Amino acid sequence: MATIIYDDETTFDALKDKTIAVMGYGSQGHAHARNLHESGLNVVVGLRKSSSSWAKAESDGLKVMTVDDAAKAADVIMILLPDEKQAATYYSQIEPNLKAGNALVFAHGFNIHYNQIVPPKDVDVFMVAPKGPGHIVRRTYTEGIGVPGLIAVYQDATGKARELALSYAKGIGATRAGVYETTFREETETDLFGEQVDLCGGLSSLIKNAFEVLVEAGYQPEMAYFETCHEVKLIVDLIYEGGLERMWHSVSNTAEYGGMTVGPRIINEESREAMYVALERIQNGEFAKEFILEGMVNHPVLKAMERQEKEHPLEIVGKEIRANIPWLNKKIDDD
Ligand SMILES: NC(=O)c1ccc[n+]([C@@H]2O[C@H](COP(=O)([O-])OP(=O)(O)OC[C@H]3O[C@@H](n4cnc5c(N)ncnc54)[C@H](O)[C@@H]3O)[C@@H](O)[C@H]2O)c1
Ligand SMILES: CC(C)(O)[C@@H](O)C(=O)O
Ligand SMILES: [Mg+2]
Ligand SMILES: [Mg+2]
């Protein structure tokens, strides 16, 4: 069983006299930088001069520098750039400014595990990985709660890496929900599996296919949207709060019997085999190589698929429906 660490078992001692550079101000970057800052820690944000996030981070009350300058100024460097861009920025702007005893931190083990970043031996290397989207890391922190986090130590040059990781996890609010110890390999492989197979990939594919079947069968797109997409959150909320048991308890006997008997015919042995193939491609590095190469040629496949997804009838009707539900019509980063 995993070791779990909670808020009252941690302190800010390891970080209180240090400068933390958060590189990037995207989904995770804005959440980490703002949460750490509001936890009373000394934070700078590292960005490109041309970044549209520069002004936003400053208006959020943060000190912003170029990546080079932030790396020079910092003792602890959290890399929250897109995974496929981290190595180039690391070698050109971060590594030349590293000092012995600094700490290099990741929110996902990809670049260390797949050998894209090979840090010098005299720095700490650890991970603090929230188990949730960055916008929820920020939102829950402001609500006085948090998203559970994982920590892992890859290299402990100073003997303080684990203590630093726990202080950092406390600073972003993760210890409020509990922090679990893992390894870079375990986090990387399970995280990629989760986002491909069920959380992002499997779920979106399930929603789109179910929507398409209802619309092709002649039902109104609005009915199809409510059934296959809108209600997913309401059902998942029950699972999130109380497990499958609470969800089955809350739905009708009809839904429970139909769901339990038909569900396994939809996600079946064939789907399970596809899950094993996805896992193998993660474990043997094939997925990582494909994604790194895709990033090197400026994401032609990703961009085409994003465009096609935007044009999907599910997204068109969903936008109209959500526009009529006031609390669903907010920008994602309006925290
Ligand atoms: N998105 C999530 O919720 C989530 C969850 C857990 C872990 N992670 C991990 O966190 C890390 C960051 O992911 P993200 O989704 O927050 O990224 P993102 O794409 O949302 O944000 C990346 C940020 O980096 C900046 N940036 C891009 N290229 C740059 C460069 N060359 N120099 C300087 N800045 C540059 C962008 O302007 C942006 O501010 C990744 O390792 C990812 O796997 C993300
Ligand atoms: C939020 C997720 C899917 O858990 C994360 O792993 C990511 O890469 O964005
Ligand atoms: Mg994840
Ligand atoms: Mg991930």
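What you see is a predicted model, and the numbers here were worked out from it, not measured in a lab. (Residues numbered from 1 in each chain as written. Chains lettered and ligands numbered in written order. Predicted model: local features only at pLDDT ≥ 70, side-chain atom pairs only at ≥ 80, totals over all residues. Heavy atoms only, no water.)

Listed under "active site" (unreviewed entry) in the UniProt record, and renumbered for this structure, are H108. Relative to the helices and strands, H108 resides in the loop between β6 (103-106) and α5 (110-113). Classification of H108 as buried rests on a relative accessible area of 10%. Every residue in contact with H108, bar those within four places of it in the chain, is listed here: D83, M127, E187, T188, D191 and L192. (UniProt positions renumbered as here; feature names shortened; annotations may be inferred. Helix = DSSP H or I, 4+ residues; strand = E, 2+ residues; numbered from the N terminus. Buried < 20%, exposed > 50% of the residue type's maximum accessible area, 1.4 Å probe, protein only. Contact = heavy atoms within 4.5 Å.)

Attention shifts here to the pattern of salt bridges. Two side chains bearing opposite charge may form a pair once their charged atoms approach each other closely. For the structure on display, the rule yields 15 salt bridges. Note that R34 and D60 form a salt bridge whose closest N and O atoms lie 3.8 Å from each other. With a gap of 26 residues between them, R34 in helix α1 (residues 27-38) and D60 in the loop between α2 (53-59) and β4 (63-66) connect regions that are remote in the sequence. Taken as a pair, R34 and D60 share a single burial class, namely buried. Of the charged contacts, one joins R281 and E286 as a salt bridge, the two residues approaching to 3.2 Å between their closest N and O atoms. Taken together, the shared-partner salt bridges connect R34, K56 and D60 into one network. (Salt bridge = Lys/Arg side-chain N within 4 Å of Asp/Glu carboxyl O.)

Moving on, we come to the sheet that holds strand β8 (residues 149-155). Across the sheet, which stays open at both edges, the 9 strands sit in the order β1-β9-β8-β7-β6-β5-β2-β3-β4 with mixed pairing between neighbours. In the strand order of this sheet, the two ends are held by β1 (4-5) and β4, each with one partner. Pairing of strand β2 (residues 19-23) with strand β3 (residues 42-47), which is carried by 5 bridges, proceeds in the parallel orientation. Bridge assignment links V22 to a residue of β3, and that residue is V45. Most of the contacts of helix α9 (residues 184-199) go to strand β7 (residues 124-130), to which it runs at about 35 degrees, and overall it touches β6, β7 and β8. (Pairing = 2+ DSSP bridges. Axes fitted to C-alpha atoms, helices over the stretch in contact; angles between N-to-C directions.)

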